[in-house]
Amino acid sequence: MPVCDAPFVLAIHGGAGVIEPEALSADEARVIHAALGAALEAGHVLLRDGGTALDAVEAAVIRLEESPCFNAGFGAVFTAEGAHELDAALMEGHTRRAGAVAGVRTVRNPVRLARAVMERSAHVLLAGEGAERFADGLPDLERVANAWFGTPARHAQLLLAQAREAAPGDGLKGRYFGTVGAVALDRHGRLAAATSTGGMTNKRFGRIGDSPLIGSGTWADARCAVSATGWGEIYIRCAAAHDIAARMAYGGASLAEASEAVILGEVPALGGDGGAIAVDAAGNLAMPFSTSGMYRGWIDRHGQRCTRIFRD
Ligand code: ASP
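Residues numbered from 1 in each chain as written. Predicted model: local features only at pLDDT ≥ 70, side-chain atom pairs only at ≥ 80, totals over all residues. Heavy atoms only, no water.

What is the right way to read the side chain of Ser259 from this model?
Tracing the backbone through its elements, the reader meets Ser259 in helix 8 (residues 255-269). The exposure class assigned to Ser259 is buried, which follows from its relative accessible area of 0%. Reaching out from Ser259, the side chain makes a polar contact with the backbone oxygen of Ala256 at a distance of 3.4 Å. With residues up to four places along the chain from it excluded, the contact list for Ser259 reads Ile244, Leu264, Ala286 and Pro288. (Helix = DSSP H or I, 4+ residues; strand = E, 2+ residues; numbered from the N terminus. Buried < 20%, exposed > 50% of the residue type's maximum accessible area, 1.4 Å probe, protein only. Polar contact = N/O pair within 3.5 Å; in protein donor to acceptor, adjacent residues only side chain to side chain. Contact = heavy atoms within 4.5 Å.)

See the structure below:
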């Protein structure tokens, strides 16, 4: 594609949750900012040179999947059975093509498999054994043992979650971090979104969250691209990502109005919390969250680059 001077925009997230500034050391914060910066750069080089929004969101998410800081790919959370089941999706706005996988156990970069589902199958979503078998037919896709995804820090989180869940009255609110996602507008005016996650710590075998469900955790059309993070069950019940797009399409809301109405209104109204990143066709960005923090970064249409954790 010819390179033009039109602006491009990229935003990424590494999950929303109860992240307390006191609980995060300066060193940990530095590592997280560096990981977010590397993911922004992976998407930036493609968008700068006229690459597609779809390639950029995939590249940024792969970089985040490779970082143990985040709950996707390497460093994914543990299920209640001590395993890892990974979900991912991506969607291209102008074609509304989409691909997703759920409950994947051996694919190093689930977002790559989601893209293959979109481009090399007749389907949108493949789950569990079916997704693994589809991956068997893709020799270029790297496979790993399920235990490869785990880290000692994630295992400690599993033990903590199991102890807490045994306590009466404990809910899941705020108890997730690290799902990753990206949204982009390319120089050709095309939008895309991608999301990848290990889901929620101590989740049941077979549990599928919002991330791979098109319209819940991931959405892109010609108006906007959205990647969400938060308590997945509530995002599914709100059709959160699509609700943002629908408020713009049917109600004439701006991106900021639509995303705040859903993330700060609809989701909390059902008892959930979390955040989302979104970009519209004009290059506006919105990144609302109702938790104390959301790992995030962006390059705006003026080329301004930033990474943030808290509400600063
Ligand atoms: N939304 C993800 C899920 O429920 C979790 C997260 O965003 O951290 O699977």
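Now, onward.
Please explain the packing of helix 7 (residues 240-251) against helix 8 as it appears in this structure.
Describing two packed helices takes the angle between their axes plus the distance from one axis to the other. Packing of helix 7 against helix 8 brings their axes to within 8 Å, and their N-to-C directions diverge by 140 degrees. Here helix 7 lies oblique to helix 8, going by the angle between them. Helix 7 and helix 8 meet at a crossing whose hand is right-handed. Along its contact with helix 7, which presents Ala240, Asp243, Ile244, Arg247 and Met248, the element helix 8 presents Leu255, Ala258, Ser259, Ala261, Val262, Ile263 and Glu266. Within the contact of helix 7 with helix 8, the residues separate by chemical class into 8 nonpolar, 1 polar and 3 charged. (Axes fitted to C-alpha atoms, helices over the stretch in contact; angles between N-to-C directions. Parallel < 35°, antiparallel > 145°, perpendicular 65-115°, else oblique. Left-handed = near helix turned anticlockwise from the far one by under 90°. Nonpolar A, V, L, I, M, F, W, Y, C, P; charged D, E, K, R; others polar.)

Is there a simple way to explain the pattern of salt bridges in this structure?
Where charged atoms of side chains with opposite charge meet at close range, the side chains can pair. This structure, assessed with the given rule, holds 16 salt bridges. Residue Glu142 pairs with Arg108 through a salt bridge whose shortest N-O separation is 3.1 Å. With Glu142 in the loop between helix 4 (128-136) and helix 5 (152-166) and Arg108 in the loop between strand 3 (98-104) and helix 3 (110-120), the pair connects residues that are 34 residues apart, well separated along the chain. Judged by relative accessible area, which is 42%, Glu142 ranks as partly exposed. Several salt bridges converge on common partners, so that one network encompasses Asp55, Glu58, Arg115 and Glu119. (Salt bridge = Lys/Arg side-chain N within 4 Å of Asp/Glu carboxyl O.)

What exactly am I supposed to notice about the pairing of strand 3 here?
Every regular strand shows the same layout, with side chains that alternate between the two sheet faces. In terms of residue burial, strand 3 counts as a mostly covered element, since 7 of its 7 residues are buried. As judged from the 5 bridges shared by strand 2 (residues 86-92) and strand 3, these two strands associate in the antiparallel manner. From the neighbouring strand, Ala88 faces strand 3, where its bridge partner is Val101. The antiparallel hairpin formed by strand 2 and strand 3 contains 5 residues in its connecting segment, where Arg96 sits at a positive phi of about 60 degrees. (Pairing = 2+ DSSP bridges.)

What is the right way to read the packing of aromatic side chains from this model?
Each pair of aromatic rings is reported with the distance of its centres and the angle of its planes. Taken as a whole and assessed by the stated rule, the structure comprises 3 aromatic pairs. When the centroid spacing of 5.1 Å and the interplanar angle of 40 degrees are considered together, the rings of Phe74 and Trp148 count as tilted. A residue pair is termed long-range when its members are at least 10 positions apart, and Phe74 in the loop between helix 2 (53-65) and strand 2 and Trp148 in the loop between helix 4 and helix 5 qualify at 74 residues. Ring plane angle 75 degrees and centroid distance 5.3 Å describe the contact between Trp148 and Phe149, whose orientation is recorded as edge-to-face. Residue class for Trp148 comes out partly exposed when judged on its relative accessible area of 28%. A residue is classified by how much of its surface remains accessible, and Phe149, at 0% relative accessible area, is buried. (Phe/Tyr/Trp six-rings, centres within 6.5 Å; stacked < 30°, edge-to-face > 60°.)

Help me understand the pairing of strand 11 (residues 293-299), please; the structure alone is not making it clear to me.
Among the 7 residues that make up strand 11, 7 are buried, leaving the element largely enclosed by the rest of the structure. Looking at chain direction, strand 1 (residues 9-17) and strand 11 are connected through 6 bridges and run antiparallel. Each residue of the ladder has a partner; that of Leu10, found in strand 11, is Ile299. The pairing of strand 11 with strand 12 (residues 305-308) spans 4 bridges and is classified as antiparallel. Its bridge partner being in strand 12, Arg296 is matched across the sheet by Arg308. Linking strand 11 to strand 12, which pair antiparallel, is a turn of 5 residues; within it Gly303 sits at a positive phi near 85 degrees.

Help me understand the sheet that holds strand 4 (residues 125-127), please; the structure alone is not making it clear to me.
Hydrogen bonds along the backbone pair up the strands of a sheet, which may run parallel or antiparallel. The sheet built from 8 strands is open, its strands ordered 4-3-2-6-5-1-11-12 with mixed pairing. Each edge of the sheet is formed by a strand with only one pairing partner; in this case those strands are strand 4 and strand 12. Taken over all neighbouring pairs, the strand axes of this sheet differ in orientation by 10 degrees on average, direction set aside. As paired strands, strand 5 (residues 180-185) and strand 6 (residues 191-197) are joined by 6 bridges and run antiparallel to one another. Counterpart to Val183 in the pairing with strand 6 is Ala193. Sitting on the sheet, helix 2 touches strand 1, strand 2, strand 5 and strand 6, and the angle it makes with strand 5 is about 155 degrees. Sheet strands in contact with helix 4 are strand 3 and strand 4, and its direction is about 105 degrees off that of strand 4.

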